Amino acid sequence: MRQRTRFPHLPRGERPSQSPGMPKAVALVWALLILNTLGSTGATTVIPIPRSVIQLVTMGSLVLAFCVALALNARLRIRPSAYLLLLSILVVLSLMASLNLEVGYGALFRCFRFGLFVSTLWLLTRWWDGGIRLVRHHIRTYSAVLLTVVIGLAASPGIALAEEYGGRLTGTIWPLTPPQVGQYSAVVIGLTLLLWLGGELDRLNALIVIVPSIGILLLTHTRTATLGLVAGVLIALLSLWMSSARARKVFAGVALIGAVSTVVLGSLLQAWFLRGQSSENFSSLTGRAKVWDALLSDPRTLGEYVFGVGLTNKSYIGLPIDNSWLAVYHEQGYVGIAIVAAFMLVLIVVAALRPPSLARACAIFLIIYCVSASYTEAGLGDASPYLLHLALAASLLVRVPVTENKYIPAKEPV
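Residues numbered from 1 in each chain as written. Predicted model: local features only at pLDDT ≥ 70, side-chain atom pairs only at ≥ 80, totals over all residues. Heavy atoms only, no water.

Structural notes on helix H7 (residues 178-197)
Operational definition: Helix and strand definitions here come from DSSP, where helices need a minimum of 4 consecutive H or I residues and strands a minimum of 2 consecutive E residues; each element is numbered from the N-terminal end. Given a helix with a known number of residues, its expected span is that number minus one, times 1.5 Å. Only protein chains enter the area calculation, which uses a 1.4 Å probe; residues under 20% of their type maximum are buried, those over 50% are exposed, and those in between are partly exposed.
Relative to the 28 Å expected for 20 residues at 1.5 Å per residue, H7 spans 28 Å between its end C-alpha atoms, a close match to the ideal helical length. Counting buried positions over the 20 residues of H7 gives 19, a clear majority of the element. Phi turns positive, to about 80°, at glycine 199, one or two residues after H7.

Following this line, the structure appears as structure tokens:
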């Protein structure tokens, strides 16, 4: 007997879908894109890996992802995407700004990587159908990354919780910083919760993924990821308020737990957020504000104001910028900021106009998370996990004709 969907009131063409035509190799391409965005810097690894080897692996994964995607889509059948169109314009702008070599030849290499990243996403649009299959691939791949973090913690707790990062959890199999680990765990928690809420995942499998991920997030002491998770989940639940009784119950439960935790565990929560920092250090966002002030006060030419200095390693005077909007201002100027604001606005407006569905809720979660994280993390102007999260959101917001959208409900493990 065929299972009923959680959204029976929606037209069949508007329900969450899982296209049976998506090749299994698409999961490989998606995993390779995630591997490319893991980066090559971070904590000390249990087994020392030369940075050149890590860079070779990450860049090689992107080239391989492009080649596999091209083999899968040899006829270059793509779907129109305002998000990717604006990203493509941003690639051209980045190349124009980098040609003056103000920040060295590395800028041109980063432009090549950015262009290959966007080109691979274009090739994958053939299978963007508003379904949740890519969501499952996203969760599985990041869960595998988190598994390496857990293995590293078990193998060498002293390195994984090194004092260099204030005792925060890092990746020691693959070099990952605490903010990276926190980001991946937060995204896994949010998407898995929504899949369970939408009836696409049973409770046991959801708990197997969510509970360890919460523990990892707490050990990273990452405030940005935690706040982004809470904001994203709450707004995603609100988007399902009128269509799902379970969403209303979960929202009420989350609100109640949050209120009780704030009252009962207020001092512990405050200590967790402060991470042993002084009030001055906390108010300056761990020194970020000083870098931002120096960046904004630095005199620039008219061309640098408009087009930026070209792609860098997201640092200024040797210190990380840690703000997506200021990083874009530095690298791609005011034009870059306008482009980034445009594709964020496009995603927000399209998500607001779509009817309630599980796919829409997942997209809203990812968009809100990226917006929240953009204040203290860089990544909206170059190939990064944030652009990959937004690409997933864009794939979930695609409107597919009824004849193309064959809904196959399934409760399968992540």
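The rest of the description comes next.
Section: the confidence of the model for the chain
The following threshold applies: As a per-residue measure, pLDDT tells how confident the predictor is, with possible values from 0 to 100. A contact between two residues is defined here by any heavy atoms of the two lying within 4.5 Å.
Confidence in the prediction of the chain, expressed as mean pLDDT, is 87, and 87% of residues score 70 or more. Ignoring residues within four places in sequence, the model shows residues 1-20, a span with pLDDT below 50, making 61 contacts including any to other chains. Confidence over residues 402-410 falls short of pLDDT 50; this stretch has 26 contacts with residues more than four positions distant or in other chains.

Digging into the environment of valine 103
Here valine 103 lies in the loop between helix H3 (82-98) and helix H4 (106-124). Residue valine 103 is classed as partly exposed on the basis of its relative accessible area of 33%. Placed 228 residues apart in sequence, valine 103 and glutamate 331 show a C-alpha to C-alpha distance of 9.7 Å. Discounting residues that sit within four places of it in the chain, valine 103 has contacts with Val309, Gly310, Leu311 and Thr312.

Considerations on the side chain of threonine 45
Inspection of the secondary structure puts threonine 45 in the loop between helix H1 (25-36) and helix H2 (51-72). For threonine 45, a relative accessible area of 9% gives the class buried. Ignoring anything within four residues of it in the chain, the contact list for threonine 45 reads Thr172, Ile173, Trp174 and Pro175.

Here we look at the packing of aromatic side chains
So the rule is basically this: Put simply, two rings from Phe, Tyr or Trp (the six-membered ring, in Trp's case) pair if the centres are within 6.5 Å, and we call them stacked under 30 degrees between planes, edge-to-face over 60, tilted for the rest.
This structure, assessed with the given rule, holds 6 aromatic pairs. For the pair tyrosine 83 and phenylalanine 343, a centre-to-centre distance of 5.3 Å together with 90° between the ring planes defines the contact as edge-to-face. Here phenylalanine 343 lies in helix H15 (residues 324-353) and tyrosine 83 lies in helix H3, a separation of 260 residues in the sequence. One exposure class covers both tyrosine 83 and phenylalanine 343, and it is buried. Ring geometry for tyrosine 305 against tyrosine 334: centres 6.3 Å apart, planes inclined by 10°, an arrangement best described as stacked. Of this pair, tyrosine 305 sits in helix H14 (residues 302-307) while tyrosine 334 is found in helix H15, placing the two residues 29 residues apart along the sequence. On the accessibility criterion, tyrosine 305 (28% relative accessible area) is partly exposed. The exposure class assigned to tyrosine 334 is partly exposed, which follows from its relative accessible area of 48%.

Side note on the packing of helix H9 (residues 223-239) against helix H10 (residues 245-264)
What counts here: Axes, fitted as lines to C-alpha atoms, cover a helix only where it is in contact. Angles between the N-to-C directions of the axes lie from 0 to 180 degrees. It is the rotation of the near helix from the far one that decides the hand of a crossing: anticlockwise by less than a right angle makes it left-handed, clockwise makes it right-handed.
Where H9 meets H10, the closest approach of the two axes is 9 Å, and the angle between their N-to-C directions is 150°. H9 and H10 meet at a crossing whose hand is left-handed. Seen from H9, the contacting residues are Leu234, Leu237 and Leu238; seen from H10, they are Ala247, Val250, Phe251 and Val254.

Regarding H2
Given a rise of 1.5 Å per residue, 22 residues ought to cover 32 Å, and the 31 Å separating the end C-alpha atoms of H2 matches this to within 8%. Of all the positions in H2, only Ile54, Thr58, Met59, Ser61, Leu62, Ala65, Val68 and Ala69 are classed as buried. Of the surrounding elements, those touching the buried residues of H2 are H1, H4 and strand S2 (175-176).

Observations concerning the packing of helix H5 (residues 133-155) against H7
How we decide: To sort the angles, those under 35 degrees are grouped as roughly parallel, those over 145 as roughly antiparallel, those from 65 to 115 as roughly perpendicular, and the leftovers as oblique. Polar here means any residue outside two lists: the nonpolar Ala, Val, Leu, Ile, Met, Phe, Trp, Tyr, Cys and Pro, and the charged Asp, Glu, Lys and Arg; Gly therefore counts as polar.
Two elements in contact, H5 and H7, have axes separated by 9 Å at closest approach and are oriented at 140°. Comparing their axes, H7 and H5 come out oblique. In the crossing of H5 with H7, the sense of the turn from one axis to the other is left-handed. From H5, Val135, Arg136, His138, Ile139, Tyr142, Ser143, Val145, Leu146 and Val149 reach across to H7, where they touch Val181, Tyr184, Ser185, Val187, Val188, Leu191, Thr192 and Leu195. Class assignment of the residues belonging to the contact of H5 with H7 gives a composition of 12 nonpolar, 4 polar and 1 charged.

Here we look at the side chain of aspartate 382
Stated formally: What qualifies as a polar contact is a pair of N or O atoms within 3.5 Å, subject to a donor-acceptor requirement within protein and to the restriction that residues adjacent in sequence count only when both atoms come from side chains.
Position of aspartate 382 among the secondary structure elements: in the loop between helix H16 (358-373) and helix H17 (385-396). Residue classification places aspartate 382 among the buried positions, given a relative accessible area of 5%. Engagement of the side chain of aspartate 382 in a polar contact is seen with the side chain of lysine 314, the distance being 3.0 Å. Setting aside its immediate chain neighbours within four residues, aspartate 382 contacts Arg110, Arg113, Phe114, Leu311, Lys314 and Leu387.

Here we look at the nonpolar core
Threshold: Buried Ala, Val, Leu, Ile, Met, Phe, Trp, Tyr and Cys residues that are joined via side-chain atoms within 4.5 Å together make up what is termed a nonpolar core.
By size, the foremost hydrophobic cluster in this structure holds 103 residues, and its most contacted members are Trp30, Leu33, Tyr83, Phe343 and Leu390. Per-element tally for this core: the top contributor is H16, with 13 residues. Sequence-distant contacts of phenylalanine 343, defined by excluding residues within four places in its chain, comprise Tyr83, Leu86, Leu87, Leu90, Leu380, Leu387 and Leu390. In this structure, Val291, Trp292, Leu295 and Leu326 belong to the second largest nonpolar core, which totals 7 residues.

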